[in-house]
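Okay, here's what each chain looks like letter by letter:
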Amino acid sequence: MTQRALALGKDLVGLEHLSAEQIQVFLDTAEAFKEISERPIKKVPVLRGKTIVNLFFEPSTRTRISFEFAEKRLSADTVNIATTASSVAKGETLVDTARNLEAMRIDMVVVRHWASGAAKFLAERIRSNVINAGDGAHEHPTQGLLDLLTIRDHRGRVAGLNVCIVGDILHSRVARSNIWGLLKLGANVAVCSPKTLLPPGIADLGVTVLRRIEEAIEWADVLNVLRLQLERMQAGYVPSLREYNRVFGVSKVRLARAQREILILHPGPMNRGVEIDSDVADGPHSMILAQVTNGVAVRMAVLYLLAGGEPEKAEAAKTAEGA
Amino acid sequence: MRPILLRGGRVIDPGQRLDATRDLLLQDGLVTAIAPQLAAPDDAEVLEVRGLAVCPGLIDLHVHLREPGGEHKETIATGARAAAAGGFTAVCAMPNTDPAIDDPAAVGFVLAEGRRAGGARVYPTGAISVGQKGERLTEVGELVHAGAVAITDDGYPVMDSGLMRIALEYSQTFGIPVADHPEDLRLSAGGVMNEGLVATRLGLRGIPRTSEDVMIVRDLLLGDLTQGRIHLQHVSTAGGADAIRAAKARGVPVTAEVTPHHLLLTEEAVEAYRTDAKMKPPLRTAADTEALRAALADGTIDCVATDHAPHHYDEKEQAFDDAPFGIVGLETALGLLITKLVKPGLLDLASLVDRMSCGPARAFSLPGGTLAPKSVADVTVFDPAGEWVVDRASFYSKSQNSPFVGWKLTGRAKITIVGGKIVWKDG
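Everything numeric here is computed off the predicted structure, so don't read it as measured data. Along every chain, residues carry numbers that run from 1 in the direction the sequence is written. Key to labels: chains lettered from A, ligands numbered from 1, both in the order written. At least 70 in pLDDT is required for a residue's local features to be given in this predicted model, at least 80 for side-chain atom pairs to be given and counted, and no such filter applies to totals for whole chains, interfaces and linings, which use all residues. Neither water nor hydrogens contribute to the side-chain values; these are computed over all heavy atoms in the structure.

What follows concerns the confidence of the model for chain B. Per residue, pLDDT captures the predictor's confidence, and it can take any value from 0 to 100. Taken as a whole, chain B shows an average pLDDT of 97; of its residues, 100% reach a score of 70 or greater. For this predicted complex, the interface confidence comes out at an ipTM of 0.92, alongside a pTM of 0.94.

This part takes up the sheet that holds strand β1 (residues 51–56) of chain A. All names here are of chain A. The strand order β2-β1-β3-β4 describes an open sheet built from four strands, whose pairing is parallel. Every interior strand has two partners, whereas the edge strands, β2 (77–82) and β4 (129–135), have only one. Put simply, the sheet's adjacent strands are angled 15 degrees from each other on average, direction ignored. Pairing between two strands is assigned when DSSP locates at least 2 bridges connecting them. Only DSSP runs of H or I with at least four residues qualify as helices, and only runs of E with at least two residues qualify as strands; both kinds are numbered from the N terminus onward. Direction of pairing for β1 relative to strand β3 (residues 108–113): parallel, over a ladder of five bridges. Note that in β3 the partner of Leu55 across the bridge is Val111. Residue contacts are counted whenever heavy atoms from the two residues lie within 4.5 Å of one another. Throughout, an axis means a line fitted to C-alpha atoms (over the contacting stretch in the case of helices), and angles, computed between N-to-C directions, take values from 0 to 180 degrees. Those strands touched by helix α14 (residues 288–306) are β1, β3 and β4, and its axis lies near 150 degrees from that of β4.

Residues and elements named next belong to chain B. The sheet built from five strands is open, its strands ordered β9-β10-β13-β14-β15 with parallel pairing. Bordering the open sheet on either side are β9 (151–152) and β15 (303–304), each of which pairs with just one other strand. Pairing between strand β10 (residues 178–180) and strand β13 (residues 230–232): three bridges, direction parallel. When the bridges of β13 are listed, Val178 appears paired with Ile230. Sheet strands touched by helix α4 (residues 161–170): β9, β10 and β13. Its angle to β10, the strand with the most contacts, is close to 150 degrees.

A few words now on the interface of chain B and chain A. In this assembly, 17 residues from chain B lie in contact with 23 residues from chain A. Summed over both partners, the accessible area (1.4 Å probe) lost when two parts come together is defined as the buried area. Buried area between chain B and chain A, both sides added, is near 1,600 Å², and the carbon and sulfur share of it is 57%. Three residues, Thr200, Arg201 and Glu317 of chain B, lead the burial of chain B against chain A; their summed loss comes to 35% of the area buried on that side. Salt bridges are defined by distance alone: a side-chain nitrogen of Lys or Arg within 4 Å of a carboxyl oxygen of Asp or Glu. Our count for the chain B to chain A interface comes out at two salt bridges. Linking Glu317 of chain B and Arg125 of chain A is a salt bridge whose minimum nitrogen-to-oxygen distance equals 2.5 Å. Whenever two N or O atoms come within 3.5 Å, that pair is a polar contact, provided that in protein one can donate a hydrogen and the other can accept it, and provided that, for residues adjacent in sequence, both atoms are side-chain atoms. The interface formed by chain B and chain A includes seven residue pairs in polar contact (both at pLDDT 80 or more). Note on residue categories: nonpolar means Ala, Val, Leu, Ile, Met, Phe, Trp, Tyr, Cys or Pro, charged means Asp, Glu, Lys or Arg, and polar means any other residue, Gly included. Residue classes in the side of chain B that touches chain A are distributed as seven nonpolar, four polar and six charged.

Below, the discussion takes up helix α2 (residues 20–33) of chain A. Working rule for helices: expected span equals 1.5 Å times residues minus one. With 14 residues, α2 of chain A extends 20 Å from end C-alpha to end C-alpha; this agrees with the ideal 20 Å at 1.5 Å per step. The buried label goes to any residue with under 20% of its type's maximum accessible area, the exposed label to any with over 50%, and the partly exposed label to all in between, with areas taken from a 1.4 Å probe on protein chains only. Every buried residue of α2 of chain A is accounted for by Gln22, Ile23, Val25, Phe26, Leu27, Thr29, Ala30, Ala32 and Phe33 of chain A.

Residues and elements named next belong to chain B. If you look at the biggest cluster of nonpolar residues, it comprises 93 residues, and the most contacted ones within it are Leu220, Leu232, Leu352 and Met356. Ranked by residue count, the leading element in this core is helix α11 (residues 333–342), at seven residues. Split by domain, the residues of this core number at least three in each of domain 1 (4–53 + 376–425) and domain 2 (56–364). Apart from residues no more than four positions distant in its own chain, Leu352 is found in contact with Leu334, Leu337, Ile338, Val342 and Leu347. By nonpolar core is meant a set of buried Ala, Val, Leu, Ile, Met, Phe, Trp, Tyr and Cys residues that side-chain atoms within 4.5 Å join together. Domain start and stop positions are those given by an automatic or database domain assignment.

Applying the stated criterion across every chain yields a total of 42 salt bridges over all chains. Arg152 of chain A is paired through a salt bridge with Asp28 of chain A; the nearest N and O atoms lie 2.9 Å apart. Placement of Arg152 of chain A in helix α7 (residues 141–155) and of Asp28 of chain A in helix α2 is noted, with a sequence separation of 124 residues between them. Accessibility expressed as a relative area gives 18% for Arg152 of chain A, which makes it buried. Arg355 of chain B serves as the salt-bridge partner of Asp354 of chain B, at 2.6 Å between the closest nitrogen and oxygen. Grouping residues by exposure puts Asp354 of chain B and Arg355 of chain B together as buried. Each of Asp28, Glu31, Lys34, Arg152 and Asp153 of chain A takes part in one network of salt bridges that share partners.

Okay, structure coming up:
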């Protein structure tokens, strides 16, 4: 299938509007790119001459570095812009920032923003490819893809698996991208969280709502455990982190009730002892570091495909000699 | 001032149960005669309006003219002209300006600027609380003396039920209504659109209908307690409409308004993060629009008000969370409602005139709302069959933040007459 037939489009703002085939192409291409990061010289000339801006309006370590590694390993030229609250306060609007960047003739923008819809907003206003690195509580598509890839790596498939997302669904872009990706690839999806952190109407997306973590563990093949941000407690969604851990924390004792070999995912950064206990995070079920490794491969695949690379040429592209 | 004879129009005056071809004579700022055929006085300006509808001037109880403080969005002058172009002969300016209209000098300023504008009449409203802070009652008597026709903290809902009670009691001395923007700010905190599946998909914080219903019910109960005149602004929920219907049945002195957008659009309009569909209260669901149309038709809701809320292009050209709430409405209201309610037979034209003219006049005890002889010569002439397309470039308002741009509409204001003087004429 050619990219034209797949019509991946100019941008990646979310998984909601992708087809299962399009998602598979991202995953298959990522599979091909994994090997680059295992080489002694981790660099191929796939994106040589391309200029990519990592535009982060929100603090991020993992995602930003993962994108940066992916870009550098594909030989792109990259610039990182981290706008703190204080420089945004200088008054330049999102669209002006983007247009100024574009005036410097860039090819792609990787954007992280605290407002839902910011990536789409940008994508509609500039000619460069826009990759959403997380917008508000909307989507974080590359995280969704790397979670899918990790599940596929360890279970050989996604279809038919029971995957439960645990924690703050309300504020989570990771949850939404996971829900769309998992549903499209045929998984059974559940969410488990205090009702205060569950977005209204979530069941209408086609997911099951589980009230207790014990139920989730008994049901699931995969648990994707989300970070509980301290601010949520301060805002009163949960009375205390201690109680959250006691009621919703994924612990070794609780995992003993699992009906089958369970995979534990976590998008990071973890709050050890809150949503996940250390003996689980560091235990044999944990896929957390595999997710991080896959993150780089997934982002390489996304950059490559959006830059116009054809899926079937990925293998050839990464073995091409640098001139 | 020359007399005006409107000849041969379809005169719709619900107050007189009139819907027939009549001539209408306006002299010295008043309606002086209405008959099948009138002779034109010597110096009269005769307007042939055959095929057009002639009705008591449209009145909008809820507009934001932004002056003072927000002149880049709208001024009293541009707003009054936009109103006239939309067929409105009078508008009520909300007091949530900067500074708020909470003292008699500020009321006087709005009144004076409105008179200078030479468009629709501009009636000031005053704040309920000093600085619209929700703490201390304004000098309501002074505000009314200066020209305020109602008090409201629109934009800053009155969360303090004790203050609302006092406002409803104290205002009775002056015979003015207390208008409330019913919203429990704790329940709506952080919300930017209706709570539900669309918000969940878009990752936007929802505003539950309950945040509005709770306050509507509170206000109605305070109406029971105080017998003060309460006017509920921009009702957007089926639950709110039901509560108002029940309260009217038990005799609460309540009136209510609904906006064209809450009658016609649902939360689906927000898809793709359209900031021109961001307003408060937010667009709700199809069940709500249906209930609101029924409530408008049966008179539970007394009037249509636009909640005309101009915002500068730059302010709406932002991420959804960052864009301000509100849309313009003065220049699209009449066409929208004829197209979407009258044409499909959901409301007859006389009832639409009632809800856009007579109902508002009654709710705020304003002049107009009738063409009976000796009433004020505020008249709207419109073409109920005139087709047009909503075009940003044609707006008289300083702002163009409308979700209706590009809509093909039937029904358009042709002549707007205020106090016997033509303030706007199409073409």
